[in-house]
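Residue strings, one per chain:
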Amino acid sequence: MKERSVKVKITLLLTVLMTMLAALMIVFMLIFSNRVAMQTARKQLTDTLRANLSCIELKDNQTVIQEGFFYSHNGVTSLIYNHKQALIAGQIPVGFQAEASFENGVIQTVDTEDTQYLVLDLWIADGWEHGVWLRGLMEAPNHEVLTRNLLTVAGLTLPLF
């Protein structure tokens, strides 16, 4: 049997090392992309809701919504509930059917039939007993679609390298 030349051995070694490096890079991208997508969605929900929080004012048990309040912005739906947890402003998204308990300042993950939502509630107090709840809803990032897109891009670009 004919022994391989040094050129062939080096080429095979570099090919194996580059394949291992590409596989390792894809694994790390898959692990961290889901975390980054979820952190970005949580930050977007929090920032949008806090911006809307500054546009709500309570006067004599009346809720006054000032200019600059967005009911739907950046994929976040904002809803206003009274102290008895009855909806007083905003429109619940069509796909959101679940009942989530109100927890001040806690981002909850709520599963519905079709999708998963991130829910954040903020309590705006008006005295001891009265106030309103500001609730933000946002669809959670779909990990399956994200993974499929990432693998497609990697499958198309890595052979070029």
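Note: the structure precedes this text.
Residues numbered from 1 in each chain as written. Predicted model: local features only at pLDDT ≥ 70, side-chain atom pairs only at ≥ 80, totals over all residues. Heavy atoms only, no water.

K.L.:
Sorry if this is basic, but what is going on with the pairing of strand β8 (residues 130-139) here?
P.N.:
Note on strand geometry: in a regular strand, side chains alternate between the two faces of the sheet. Of all 10 residues in β8, eight are buried; the element is thus mostly enclosed. Pairing geometry for strand β4 (residues 76-82) and β8, over seven bridges, is antiparallel. Of the residues in β8, the one forming a bridge with Ile80 is Leu134. Taking the residues that link successive antiparallel strands as the turn, the strand β7 (residues 116-126)-β8 hairpin has three residues, and the phi of Gly127 there is positive, at about 85°. (Buried < 20%, exposed > 50% of the residue type's maximum accessible area, 1.4 Å probe, protein only. Helix = DSSP H or I, 4+ residues; strand = E, 2+ residues; numbered from the N terminus. Pairing = 2+ DSSP bridges.)

K.L.:
Looking at this structure, I do not really get the nonpolar core. What am I missing?
P.N.:
For soluble globular proteins, nonpolar side chains are generally found buried alongside one another. Counting residues in each nonpolar core, the largest one holds 19 residues, and the members touching the most others are Ile56, Ile80 and Leu134. Breaking this core down by element, the ones donating at least two residues are α1 (6-53), β1 (56-59), β4, β7 and β8. Judged by nonpolar contacts, the second largest core, of 10 residues, contains Phe96, Phe102, Tyr117 and Leu137. (Core = buried A, V, L, I, M, F, W, Y, C linked by side-chain atoms within 4.5 Å.)

K.L.:
I keep staring at the pattern of salt bridges and nothing clicks. Help me out?
P.N.:
Pairing between side chains becomes possible if they bear opposite charge and their charged atoms approach one another. Taken as a whole and judged by the stated rule, the model has three salt bridges. Note that Asp47 is salt-bridged to Lys43, the shortest N-O span being 2.9 Å. Taken together, the positions of Asp47 and Lys43, both in helix α1 and four residues apart, correspond to about one turn of that helix. The exposure class of Asp47 is partly exposed, given its relative accessible area of 39%. (Salt bridge = Lys/Arg side-chain N within 4 Å of Asp/Glu carboxyl O.)

K.L.:
Would you take a moment to explain the packing of aromatic side chains for this structure?
P.N.:
In this description, a pair of aromatic rings is defined by centroid distance and the angle of the planes. A full pass over the atoms with the stated rule returns five aromatic pairs. Ring geometry for Phe102 against Trp133: centres 5.1 Å apart, planes inclined by 45°, an arrangement best described as tilted. Of the two residues, Phe102 sits in the loop between β5 (87-89) and β6 (107-111) while Trp133 sits in strand β8, which places them 31 residues apart along the sequence. Assigned by exposure class, Phe102 and Trp133 land together as buried. An aromatic cluster of three or more residues is present, and its members are Tyr81, Phe102, Trp123 and Trp133. If you follow Arg135 out to its NZ or CZ, it ends over the ring of Tyr81, 5.8 Å from the centre. (Phe/Tyr/Trp six-rings, centres within 6.5 Å; stacked < 30°, edge-to-face > 60°. Lys NZ or Arg CZ within 6 Å of the ring centre and 35° of its normal.)

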